Each structure stands twice: as C-alpha cells, then as structure tokens.
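Close look at the chain arrangement
Each chain is listed here by its residues.
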Amino acid sequence: MDAMVGRTQSQTPLRLRLALYGVVQGVGFRPFVHRLATSCGLTGWVLNNGDGLVIEIQSTRERIDEFTARLESERPAAALILARESTWLVPDDAATFEIRHSESAAAPRTGILPDLATCPECLREITTPGERRHQYPFTNCTLCGPRFTIIEALPYDRARTTLRGFALCPACENEYQDPQDRRFHAQPIACPQCGPHLDTTLAEAAATLARGGIVALKGVGGFQLLTDARNAEAVAELRRRKHRDTKPFALMLPDVASVRAHCRLSEEEHRILTSPAAPIVLLEPIPGTDLAPNISDSSPFLGVMLPYSPLHHLLMRLCPYPLIATSGNLSGDPIAIDNTEARTRLGSIADLFVTHNRPIARSCDDSVVRVTAGKEQLLRRARGYAPLPIRVPSALPKVLAVGPHMKSTVAIACGHDVIVSQHLGDLDSLEARAAFERTIDDLCRLYHFTPDLIACDLHPDYYSTQWARATGKPVVAIQHHHAHAAACAAENDLRSPYLAVVWDGTGYGLDHTIWGGEFFAVHDNHFDRIAHLRPFRLPGGDAAVRQGWRAAAAIQHELGLDTTAPSIIRRMLEQNLNCPLTTSAGRLFDAVAALTGIARESTFEGQAAMLLECAARTTNDTTAYPLPLTETHADWGPLIHALLEDIAHAVPPPVIARRFHNALAQLILAAAQRTQLPNVVLTGGVFQNALLTATATSLLRDHHFTVHTHQRVPPNDGGISLGQAVLAAAPVLR
Ligand code: ZN
Ligand code: ZN
Ligand code: FE
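Residues numbered from 1 in each chain as written. Chains lettered and ligands numbered in written order. Predicted model: local features only at pLDDT ≥ 70, side-chain atom pairs only at ≥ 80, totals over all residues. Heavy atoms only, no water.

Let us now look at the packing of aromatic side chains. Under the defined criterion, the tally for this structure stands at 12 aromatic pairs. A ring pair is formed by Trp-503 and Phe-687, whose centres lie 5.7 Å apart and whose planes are at 25 degrees; its orientation type is stacked. One end of the pair, Trp-503, is in strand 20 (residues 498-508); the other, Phe-687, is in the loop between strand 26 (679-683) and helix 21 (690-702), with 184 residues separating them in the sequence. Using a relative accessible area of 1% as the deciding quantity, one classes Trp-503 as buried. Residue classification places Phe-687 among the buried residues on the basis of a relative accessible area of 2%. Taken together, a centroid distance of 6.5 Å and an interplanar angle of 85 degrees make the contact between Trp-515 and Phe-527 edge-to-face. Here the residue Trp-515 occupies a position in strand 21 (residues 514-523), and Phe-527 occupies one in strand 22 (residues 526-533), the gap between them amounting to 12 residues. (Phe/Tyr/Trp six-rings, centres within 6.5 Å; stacked < 30°, edge-to-face > 60°. Helix = DSSP H or I, 4+ residues; strand = E, 2+ residues; numbered from the N terminus. Buried < 20%, exposed > 50% of the residue type's maximum accessible area, 1.4 Å probe, protein only.)

For the rest of this paragraph, the subject is the sheet that holds strand 1 (residues 14-23). Here five strands make up an open sheet; going across it, the order is 4-1-3-2-5 and the pairing mixed. Both outer strands of the open sheet, strand 4 (80-89) and strand 5 (97-99), are each paired with one neighbouring strand and no more. Strand-to-strand twist in this sheet, taken as the mean axis angle between neighbours without regard to direction, amounts to 15 degrees. Across nine bridges, strand 1 lies against strand 4 in antiparallel orientation. (Pairing = 2+ DSSP bridges. Axes fitted to C-alpha atoms, helices over the stretch in contact; angles between N-to-C directions.)

Further remarks concern helix 20 (residues 653-675). For helix 20, which comprises 23 residues, the first-to-last C-alpha distance of 33 Å matches the rise-based estimate of 33 Å (1.5 Å per residue) to within 8%. For helix 20, a buried count of 17 out of 23 residues is recorded, marking the element as mostly surrounded by other parts of the structure. The first or second residue beyond helix 20 is Gln-676, which carries a positive phi of 60 degrees. (Expected span 1.5 Å × (residues − 1).)

On to empty space enclosed by the protein. Counting across every chain of the model gives five cavities of 30 Å³ or more. The calculated volume of the largest cavity comes to roughly 170 Å³. Looking at side-chain class alone, the lining of the largest cavity contains nine nonpolar, seven polar and four charged residues. Lining of the second largest cavity is provided by Arg-17, Ala-19, Tyr-21, Glu-85, Ser-86, Thr-87, Pro-389, Ile-390, Arg-391, Glu-491 and Arg-712. Classifying every residue of the lining of the second largest cavity gives four nonpolar, two polar and five charged. When residues of the lining of the second largest cavity are assigned to domains, at least three map to each of domain 1 (2-99) and domain 3 (389-486). (1 Å grid on protein atoms, 1.4 Å probe; cavity = no way out; pocket = protein on both sides within 12 Å on 5 of 7 lines; lining within 4 Å. Points joined across faces, edges and corners; volume = space filled by probe spheres on them. Nonpolar A, V, L, I, M, F, W, Y, C, P; charged D, E, K, R; others polar. Domains from an automatic or database assignment.)

To continue, consider the domain arrangement of the protein. Taken domain by domain, the protein comprises domain 1 (2-99), domain 2 (202-368), domain 3 (389-486) and domain 4 (498-710). Between the C-alpha centres of domain 2 and domain 3 there is a distance of 30 Å. Facing the seven residues of domain 2 at the interface are eight residues of domain 3. On the domain 2 side of the interface with domain 3, the three residues burying the most area are Asp-333, Pro-334 and Arg-362, jointly 62% of the side's total. As a salt-bridge pair, Asp-442 and Arg-362 come within 2.5 Å of each other at their nearest N and O atoms. Taken together, the residues of the side of domain 2 that touches domain 3 break down into two nonpolar, two polar and three charged. (Contact = heavy atoms within 4.5 Å. Buried area = accessible area lost by both parts, 1.4 Å probe. Salt bridge = Lys/Arg side-chain N within 4 Å of Asp/Glu carboxyl O.)

Take a look at the structure:
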C-alpha cells in the first residue's frame, strides 16, 4: 500500500523553487544550471536577483533530487553555495527551461547571510594538534561562521563587523588576500594570535558542568545556559533559578551517534540537524535513555541540536554527554548578548560565566524546526535562517510590518523581498518591548530603509499596534487571520482566489470578538469570512489559555450540560461576566484535551493540543465525530455529545483524540467542497499539528484540491509580519 502511494507520488510532477546565496553570480552559474536542468529533463527557469540566484525546476521527485544533488557536486569551481532555501510550489505547464533576465535590485541589501554552522574543514583544524587554529574557538572561513550576528552595517566587510577591533596578523592577512585560500575575504577571519579570546578556560566550564553546575556561555546569537542533561537535580535547579516551570528545555548532543542513541531520526531530520542552519529539531525520544526525566516531561518531543560553533564543539569534546542548552534569559525576557548585561541579568542563575571579547551585534535565538509530513516546518525562525529574504509574487511598497503580540517578529518589504526579523518572543515585558524597538531600528538602519507605511495588527491593545500608531506615519491595520492567510499564500507564490483555513489560539476579529477557527474565501486583497467555528464564551479570557478545563466548562455550559468546574466559573458563565466570545480552534483543542483527561492544564500555549495529537497518533481509528458545517458555522455541538458518549463508554482517550482530529479534517474538506476554490491554504498555530495537517492534506488531495502550508516562516504568529507586509500594499481596513 505504502509502496503504491510512493509510486504515484513520485510520478506526479512537482515544482521546486531554490534560492541560493553565496558566490553564485559572475561564476558561470546560470549556464551551468541550464545545462544541468536540461540534462535532467527539467522545465523551469533560473534568474539572478539582488543577492543570489533563484531557480525553479519542475519534474518528478527523482529528477528533482538528482538535480539538487548534482547542483552541489558539479557546480562551477569558483562558485560557493553558502545557504539555500527551498519551497515547493504548484506545478505549471511550461515546456522548456530558460535563463531569465536579471531583476534590478530595489535597494542595496546584498550580503547579509545567516550565521552558518562550523564546516567540516574548520572542525578538522580545531581538533588537529599542530594546526594553527588547534583548539581555537573563533575559527571560521568563507563557508562557515557568524554573519548576521556580527554585521553592524553594509556593505559587508570586516570594518563594519564586530571584529573591526581585531587587526589581522600577517598569517591571517595572507589567507585573507589569497584567492586560492578557503579564507579569501572571510570577514570574521581570526586566529589565536590576532582574534578574540575567551575569558575563562573551557576546562573550568567542563568542571562546573561535571559538578552539576550551571554555565552561562556566550554563544553565537546570545548567551545560553548549559547544564548536564543527565542530572535531574541540575535540571531542577536550572528551572528554579530561571523561573521556568515545566516548559521543555532544548538539548545539545555531542554528535549524530548520540542523537540516534536518544531519539528517532529520519533522513530529513538528519539533513536539517546537520545543515549549515543547524537548528533545534523536535524529535521523538527513545524511552529509557540516560536523560533526566524533567527535561521535557510536559512535551512528547525533545528539542535537539548539534554543536554549531567551534566554541560549542570544543566544549562538548570536554563533556561528551547531553547538555541542556537553553536561551540565556529569565523566562519571557529576550536573550542576553552583552557581557556586563549578562552578568547582571543571569548572575542569579549561572555558577560560571564563559565570556569572550567578540561582541554580538544583535541577538538571535536558536531556531526550532519540526518535520511535518516529510517537510521541514519552522516553528521559530532565527539563527541560521534570518535574515534571508522571503520572495513574494508582487512588488511591494516600503512597508514596515510590526507583527502581532505573541511570538513577535517584524518585517520590512523591499520590492519582491520581505525581510522577516529573527524571532523576538512575546511583547509582555519591558525588556521584550525594548528589544522589539531595537530590532525595528536595527533593520531600518542595516538596510537603509525608511518605511512609507506601517502595517500592524487590528488589535488596538497590542503593544506593536500602539507603537505603530505613535509613529505618526500612515498605518494599515490588518486583521490577524487575514495576515496568517496572506503569509502562507505569499511564500507559496499563490495568487487569489483561494480558501484559507486559519486556525489558531486568538486573534482580534472584525466584530471585536476573539476569532481563531476561521474559513476565509480570499479574493484579491480582501476576504469573506464564509464560516467559522461555533462561538462560545470563555470564562476569564486569556486566563483560559493555560487552563483548558475552563474551555471545557464553557463548551458544556453552551450545550446546557453539567460541568464540574468551580462555582465561580459557573457563575461567570451564567452571568456572562468577563466571558469574551470566541471561535478559537486552539481553545476547542484545549477543551477536548481537558474532557478526555489528556491535559486539564497547560504550562505553555499549545501544550494540550500537542499531547492530544500525540495520543491520537497511537491509533489508526478512521471514525470521525459529527461536525456539521451549517450556513455560517461549524457546529461542534454534535461532536461534543458524541465524544462525551465515548467517554461514558470508556473508549480509550487516544481513540477519542483521533476521532476529534478526523472530524476536523472532514470539516476542512466540507468547507473546501462548499467553496469550490481549487487552492486551499492551511495556516495558524493549530497547523503546527502534524497529524491534523497530514490528515486534512491527504483528504483534500484525494478530492483534487491543491493544499498549501508554510515552508519558510512559521504557521504560528511568527509568520504574521510577513502577511501584514504583503497586505499593507492594498489597504483594506484602517
Ligand atoms: Zn569553515
Ligand atoms: Zn591571525
Ligand atoms: Fe495567530
């Protein structure tokens, strides 16, 4: 059966867009791509743009894979691919492969690459006695090393990086000037004679870790807190000092063998983990390993990364066991980057500081990736990805998009490119708000950008909205879910009309209620809210985000059923006190998780849904609860009745969870069939759920709909600024 599916899929034409960055212009790359594509029997085109090369190729999966493999192995000798991004698009009917005319860049924006993980050659040097850079933690070359986090201004050369204070020694100068050398024009080039140095020995750090202590390490994009991941007491102490209850910690494992010993690792996950971006990848843990249980007991996944800088490699050689590697901050605050600031802010957390004298120009957290239905999906876009531009179909005016409130990112639009900032986090604390403002200044300065227009969320109380209004510039307020839809469409090169299924936790609606279970028919730049989840009143509003039992009580109340909720909650519902109306799909997940007993509370948003998904994955039940689509809404009443019936009959919670997922997928299909638009977009934080995404996608495909999901920005609110930037061009709501 699976083989059959694989076969059918491999013969369906696919279209892949590749954006290549590095030395790819003026080195004969376009004719090479043309020859290679033709010899692989592909159609499509290749084009030089502002700072790289864009290729679109179309054929079967095998031929595309052959092309991408040979692109790397047979590339012109002088070419250097430093970063590449791929996006799967809808196939078209072009019959040839052509070289297209170059686009003229709208603004100077060349040269800012993301930070790249240590390359094999540099790793060899730092681990080989006798090499000039043996054990030198700031080793890098043109293929690897810091970029985004050291650049202070453009154009990119050493004098405008945080290494400008380090004059090159004669040996480094020679390498830097020699076109044959791997370090020819490597701006952050350094060696033990002339480069930055550590203020503490790594042996001391290793000894602290071995004792169960906590080390604050100045990494690439900010400070990290490290401790022995096998030591439950150390992990508990880190939680206590960091004020972090049960939210999972990320791990750094010494090598791929160690990853395989602790987690299941697919080929795609392996590729991402070892890529130059080197993000945290969410993996399924193997039970019964040496890891402390309190690392991730609230999540079914482990967030795992490999050492990505020479400093990390050298430290992990001294402690070749799993380490917690979490952002250097108090929960909710931005990551610290400055030595003095870090000592103040992290002084009560760390037992030892490992600092150095290479300044960090801007903070950049570790990125988080999950492989969903075989595809890379970003959950947090920062180190290794930011600030690569996202290409969009239409040229945009000069817009600054200030994003939402949670999982904040900001973006600037230059022509066909949108530069989305690194993940900034929630804008609750003063520090987070300062970081938000700093990032806007930083992006504008770096890209010589002055916005004509500011795009923000429709929510009047978001800090970002208030900031936008206070600038005095023209402001376009974009409805939250409309922005989600536009972001997904933009990165998939999809033009309207399309159906957008936008499901998340919360977003301000046109009617001033909380939306989050939306079906939009999108035409040009406006949307029709063709259907939504049946609304219910949520006692305590935002307080319910971490207390799923409140949503459960609300739904039971709405259906006239008894609830076991405390009397104060019942009174709130009966008297409609502080019970905002919502259509949130996220809260429906919370309610179902609470009713089934899978999760009555969450320690972070989305935790209940994650546990529900993982329970559902353990069964193959194909039954779906009834979830009828009426004229205006999806009525979860019959679903809840059937679900409670199952609970009364002691049906196992995983089966109930599966039937709930199946019902949602069927609902999406029903909406698509009613709307009759061939293209369907799935977006919003709920679609971080791989089971729901995969089930809905395959149902829709069986009925000949084309499905679009996020690839380059997260489906959660981290993608909102992209959507805002795209929509601001055609003002719809002010
Ligand atoms: Zn290197
Ligand atoms: Zn040197
Ligand atoms: Fe959202």
